[in-house]
Amino acid sequence: MSQNNFKEELFNFNAGFNPFFLAEMNKIESGFHYNKITKDLLNKSFKFSRVGGKRLRPFMTFLGFNAIKEIDKANLNKVYYLGMVLELFHLYGLIHDDILDDAQTRRGEISIHNQYQDNFQGLQAAILAGDYLHTFVNRMFYQNFTSSSLQSLYMDMQNEVSAGQNDDSLGVGVEKLQELKQENILNMLSLKSGLYSIQKPFLMGSCLAGEDLNSVRFKQLATALEKLGLIFQITDDILGVFGNTTQTGKPEMGDIIERKRTLLVYKTYEFANSSEKQILVDLYEKSNKKKAKEVFEIMHKYEIKQHTINYCKTLEQKIILMLSTLDINNNIKTVLTNMTDYLIQRSG
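Residues numbered from 1 in each chain as written. Predicted model: local features only at pLDDT ≥ 70, side-chain atom pairs only at ≥ 80, totals over all residues. Heavy atoms only, no water.

Draft legend 1. Expanded view of the packing of helix 2 (residues 36–51) against helix 4 (residues 73–101). Contact geometry for helix 2 and helix 4: axes closest at 10 Å, N-to-C directions at 115°. The chirality of how helix 2 crosses helix 4 is right-handed. For the pair helix 2 and helix 4, the contacting residues are Ser 45, Phe 46, Phe 48 and Ser 49 in the first and Leu 88, Leu 91 and Ile 95 in the second. Considered class by class, the residues forming the contact of helix 2 with helix 4 number five nonpolar, two polar and no charged. (Axes fitted to C-alpha atoms, helices over the stretch in contact; angles between N-to-C directions. Helix = DSSP H or I, 4+ residues; strand = E, 2+ residues; numbered from the N terminus. Left-handed = near helix turned anticlockwise from the far one by under 90°. Contact = heavy atoms within 4.5 Å. Nonpolar A, V, L, I, M, F, W, Y, C, P; charged D, E, K, R; others polar.)

Draft legend 2. The nonpolar core, seen in detail. Grouped together as the largest cluster of nonpolar side chains are 112 residues, with contacts concentrated most on Phe 46, Ile 256 and Met 299. Here this core gets 13 residues from one element, more than from any other, and that element is helix 8 (residues 216–242). When sequence neighbours within four positions are dropped, the list of residues in contact with Ile 256 reads Val 241, Leu 283, Tyr 284, Ala 292, Val 295, Phe 296 and Met 299. (Core = buried A, V, L, I, M, F, W, Y, C linked by side-chain atoms within 4.5 Å. Buried < 20%, exposed > 50% of the residue type's maximum accessible area, 1.4 Å probe, protein only.)

Draft legend 3. Inspection of helix 4 at higher detail. The first and last C-alpha atoms of helix 4 sit 41 Å apart over 29 residues, in line with the 42 Å expected at 1.5 Å per residue. Of the residues trailing helix 4, Asp 102 is marked for its positive phi of about 50°. (Expected span 1.5 Å × (residues − 1).)

Draft legend 4. Spatial organisation of the packing of aromatic side chains. Under the definition given, this model contains 25 aromatic pairs. Their ring planes at 65° and their centres at 6.4 Å tell us that Phe 89 and Tyr 154 sit as a pair that is edge-to-face. Here Phe 89, found in helix 4, pairs with Tyr 154, found in helix 6 (residues 148–170); they are 65 residues apart in sequence, far enough to count as distant. Comparing Phe 89 with Tyr 154 shows no difference in burial state: the two are buried. Judged by centre distance (6.0 Å) and plane angle (75°), the ring pair of Phe 89 and Tyr 196 falls under edge-to-face. In this pair, Phe 89 is assigned in helix 4 and Tyr 196 in helix 7 (residues 182–208), connecting sequence segments 107 residues apart. Each of the two residues, Phe 89 as well as Tyr 196, counts as buried. Connected via pairs of aromatic rings, a cluster forms that spans Phe 6, Phe 13, Phe 17, Phe 20, Phe 21, Phe 59, Phe 62, Tyr 80 and Tyr 342. Over the face of the ring belonging to Phe 21 we find Arg 55, whose NZ or CZ atom lies 4.5 Å from the ring centre. (Phe/Tyr/Trp six-rings, centres within 6.5 Å; stacked < 30°, edge-to-face > 60°. Lys NZ or Arg CZ within 6 Å of the ring centre and 35° of its normal.)

Draft legend 5. Expanded view of unusual backbone geometry. Located in the positive-phi region is Arg 55, a residue other than glycine, with phi close to 60°. Positive phi, normally seen in glycine, also occurs at Glu 303, with a value near 50°. The topology assignment puts Glu 303 in the loop between helix 13 (292–301) and helix 14 (304–325).

Draft legend 6. Local environment of the environment of Gln 233. Its place among the elements puts Gln 233 in helix 8. Each residue touching Gln 233, except ones within four places of it in the same chain, is listed here: Leu 189, Lys 192 and Ser 193.

Draft legend 7. Up close: the pattern of salt bridges. In total, this model carries 13 salt bridges according to the counting rule given. The closest approach of N and O atoms between Arg 106 and Asp 98, which form a salt bridge, is 2.6 Å. On the accessibility criterion, Asp 98 (4% relative accessible area) is buried. For Lys 286, the salt bridge identified is with Asp 282, shortest N-O distance 4.0 Å. Through salt bridges with shared partners, a single network forms among Asp 255, Glu 258 and Lys 260. (Salt bridge = Lys/Arg side-chain N within 4 Å of Asp/Glu carboxyl O.)

Draft legend 8. Just the side chain of His 90, in detail. Along the chain, the position of His 90 falls in helix 4. A polar contact of 3.4 Å, which involves the side chain of His 90, links it to the side chain of Arg 57. When near neighbours in sequence (up to four residues on either side) are disregarded, His 90 contacts Arg 57, Arg 107 and Tyr 196. (Polar contact = N/O pair within 3.5 Å; in protein donor to acceptor, adjacent residues only side chain to side chain.)

Draft legend 9. Structural detail: the packing of helix 8 against helix 14. Running from N to C, helix 8 and helix 14 cross one another at 160°; their axes reach a closest spacing of 9 Å. Classified by the angle their axes make, helix 8 and helix 14 are roughly antiparallel. In this structure, helix 8 crosses over helix 14, and the sense of that crossing is left-handed. Facing helix 8, whose interface residues are Thr 223, Ala 224, Lys 227, Leu 228, Leu 230, Ile 231, Ile 234, Thr 235, Ile 238 and Phe 242, helix 14 presents Lys 305, Thr 308, Ile 309, Tyr 311, Cys 312, Leu 315, Glu 316, Lys 318, Ile 319 and Met 322. Class assignment for the residues of the contact of helix 8 with helix 14 results in 13 nonpolar, three polar and four charged. (Parallel < 35°, antiparallel > 145°, perpendicular 65-115°, else oblique.)

Draft legend 10. Structural view of the environment of Glu 303. Accessibility expressed as a relative area gives 53% for Glu 303, which makes it exposed. Distance from Glu 303 to Lys 69, taken between C-alpha atoms, is 44 Å for residues 234 residues apart in sequence.

Purely spatial values, then, with no claim about function.
Written out as structure tokens, the structure reads:
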């Protein structure tokens, strides 16, 4: 692995991973022995994994393995297969997430629950598609990876993302603004996205390379990658409000209109005066979406974007310090550092 930047390394990885992934997907879909309706639903679902996605989770698995020992040809397909499992687990999550958010599209395609004229039938289809994918992916994983340590990480990942999504939907995600706590928001963001997108794939790759889950190095990696996962989600939230629509595919102010409780919202409420706090309450607690533009302007007034980026930069310095003390592949340290910087710069 050369000392290229994060985007170049991700591109190089996908040059090898994508052909493997698509070939395996062809095998999977050709092996379906169901009735036409079921096959059609599953083919529609798997299409989302073919048409887009950065393949970040498989890439983190690849980095995790290389952090412990240089990957050879014999182990490359194992890493690819584990990456494919995580990519399809992500797909299951996206299909159900689209139901929760009532998302109209996914990766430029109409979301599963909106591909049916009857709304109730569409919801049924999406729930069943996600359920099938979840059980299918679990079978793929447990049939091919028998290490108790690796299985433990995989089970933790599933529990964490479910708990985080539940908190987003029923806990922190609907809490009164005056009762919001920063630590609770960060915990929710970490569970629902940061851990399963960044930390767990990396740690599973390290485990596949033979790393001991009880080692000091493993625990230090877990802490550093947890912080990197937070940066990943927080910067994504920044793009969900301030991002360029043509570049991100997200509507301007999308996360404000959807009333998502993010670190941005917490900081805005913290800075706002009493009348501005009421505007935030009107939107986030009383569903008055006409207030979205006013909330956006309040965020600009108090430079909330920059305050949030500064928080990410604080996390970045802690990650760099942690990585500097770790006995892992130096090239991987470089890629992780570049990735952290890339995420922050992209959101700025």
